[in-house]
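Architecture and fold: a report
Here is how the chains run, residue by residue.
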Amino acid sequence: MTAISADVVVLDIEGTTSAAGFILGDLYDYARPRLDEVLGRDDDTVRAARADAITETGLDADASDAEIAEALRGLMATDVKSTPLKTLQGIIWAEGFAAGEIHSQFFDDVPTRLRAWSDNGIRVAVYSSGSVASQVPWFRHAPQGDLTVLVEDFFDTVSAGPKKESGSYDRIAAALGVEPSRALFLTDHPDEVAAALAAGWQVVALDREGEPWHGANFAAPAVASFDEIGLTR
C-alpha cells in the first residue's frame, strides 16, 4: 500500500482510469467515419478546430473537409495528441454518448475508490489530453453510474497546456486553489510523471498490466490499482 496525504487528486484517463485499448479501439472507430460531417458544420468551435487542423497537418488553406478528415485519421492511426483532433472527437463522442451509441469503460477499482476518496473530503479533478467535451460524458456514462458528481473540475491541453510540461500543473494547481505539495496526480505515462514532479506535485504512477506503459521506469511510486493507494487528507 502506497500511503499519500493530499487535498486534491487529479486523474489521467487513458491507461489510468480506463483501458487505452478501449479508447483507441471502440471510440476511435466511432469517430473516424464521422469526422467529414463534423468538419462541415457551421459552428465557431468547429471552424477554429478546422483551421488549427490545417495548420497542424500542413494542408493548403483551401483543403476540403474530406482532405482534412483523412489527415486527422492519419494522426489517429499513430495516436498523435492533436488538440484540434481532440476537439472534434469530443464533439462526436458527446453526441454518441447522448444517443446511447457508445459507452465508457472504467477499471473496476476506480469508481469505488473515487467514491471513498470523495466521501473522505478529498477533491477529485481530471486532466486528460482528450477535450473536456469528451471527458465529461465519459465520466457521466460510466457503467457504474454517473461519476461526474464526484469530479470538481476537468482540464485538457487547451485549458491547462501540454501534459508533459510542468507549467500545465502549475496552472491546474492555481485553478484549484491548492498548493502543489498537497496535490496528487495519477497517471500511467513516465513523461507526465516527470512533469508533475517538476511542478512540485505528489505523483503515483499506474502500472497496469496490459496497458501501453506497463513495466516502464517511473520516477515515482507505482501501483497496479487504485486499491493500492492509501489516500488521506
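Let me begin by describing the structure that accompanies this report. (Residues numbered from 1 in each chain as written. Predicted model: local features only at pLDDT ≥ 70, side-chain atom pairs only at ≥ 80, totals over all residues. Heavy atoms only, no water.)

**Remarks on the nonpolar core**
With 56 residues, the main nonpolar core has Phe-139 and Leu-186 as its most contacted residues. If sequence neighbours within four positions are ignored, Phe-139 has contacts with Leu-11, Ile-13, Phe-106, Leu-114, Val-126, Gly-145, Asp-146, Leu-147, Thr-148, Val-151 and Phe-154. Formed by 22 residues, the second largest nonpolar core is a distinct cluster that contains Ala-160, Ala-183, Ala-195 and Ala-199. (Core = buried A, V, L, I, M, F, W, Y, C linked by side-chain atoms within 4.5 Å. Buried < 20%, exposed > 50% of the residue type's maximum accessible area, 1.4 Å probe, protein only. Contact = heavy atoms within 4.5 Å.)

**What about helix α4 (residues 65-77)?**
Residues lying three or four places apart along an α-helix face the same way, a consequence of the helix completing one turn every 3.6 residues. Taking 1.5 Å per residue, 13 residues should reach 18 Å; α4 reaches 18 Å between its end C-alpha atoms and fits that length. Within α4 the residues assigned to the buried category are Ile-68, Ala-69, Leu-72, Arg-73, Leu-75 and Met-76. Around the axis of α4, the buried residues are gathered within 155° of arc, so they sit on the same side. Taken together, the buried residues of α4 touch α1 (20-31), α2 (35-39), α3 (44-57) and α5 (83-98). Remark: Asp-79 follows α4 within two positions and exhibits a positive phi of approximately 55°. (Helix = DSSP H or I, 4+ residues; strand = E, 2+ residues; numbered from the N terminus. Expected span 1.5 Å × (residues − 1). Arc of directions from axis to C-beta.)

**Section: the pattern of salt bridges**
What the rule picks out here adds up to 17 salt bridges. Between Lys-81 and Asp-79 there is a salt bridge whose closest N-O contact spans 3.3 Å. Given a relative accessible area of 22%, Asp-79 falls into the partly exposed group. A salt bridge links Asp-191 to Lys-164, with the shortest nitrogen-to-oxygen separation between them at 3.9 Å. On the criterion of sequence distance, the pair formed by Asp-191 in helix α9 (residues 190-198) and Lys-164 in the loop between β4 (153-155) and α8 (166-176) is long-range, its members being 27 residues apart. (Salt bridge = Lys/Arg side-chain N within 4 Å of Asp/Glu carboxyl O.)

**A word on the sheet that holds strand β7 (residues 222-223)**
One open sheet holds the six strands; their spatial order is β4-β3-β2-β5-β6-β7, and the pairing between them is parallel. If you trace the sheet from one side to the other, it starts and ends with β4 and β7, each paired once. When strand β2 (residues 8-11) meets strand β5 (residues 183-187), the two strands line up parallel, connected through four bridges. Note that in β5 the partner of Val-9 across the bridge is Leu-184. Strand contacts of helix α7 (residues 132-140): β2, β3 (123-127) and β4, with the helix running at about 135° to β4, the strand carrying the most contacts. (Pairing = 2+ DSSP bridges. Axes fitted to C-alpha atoms, helices over the stretch in contact; angles between N-to-C directions.)

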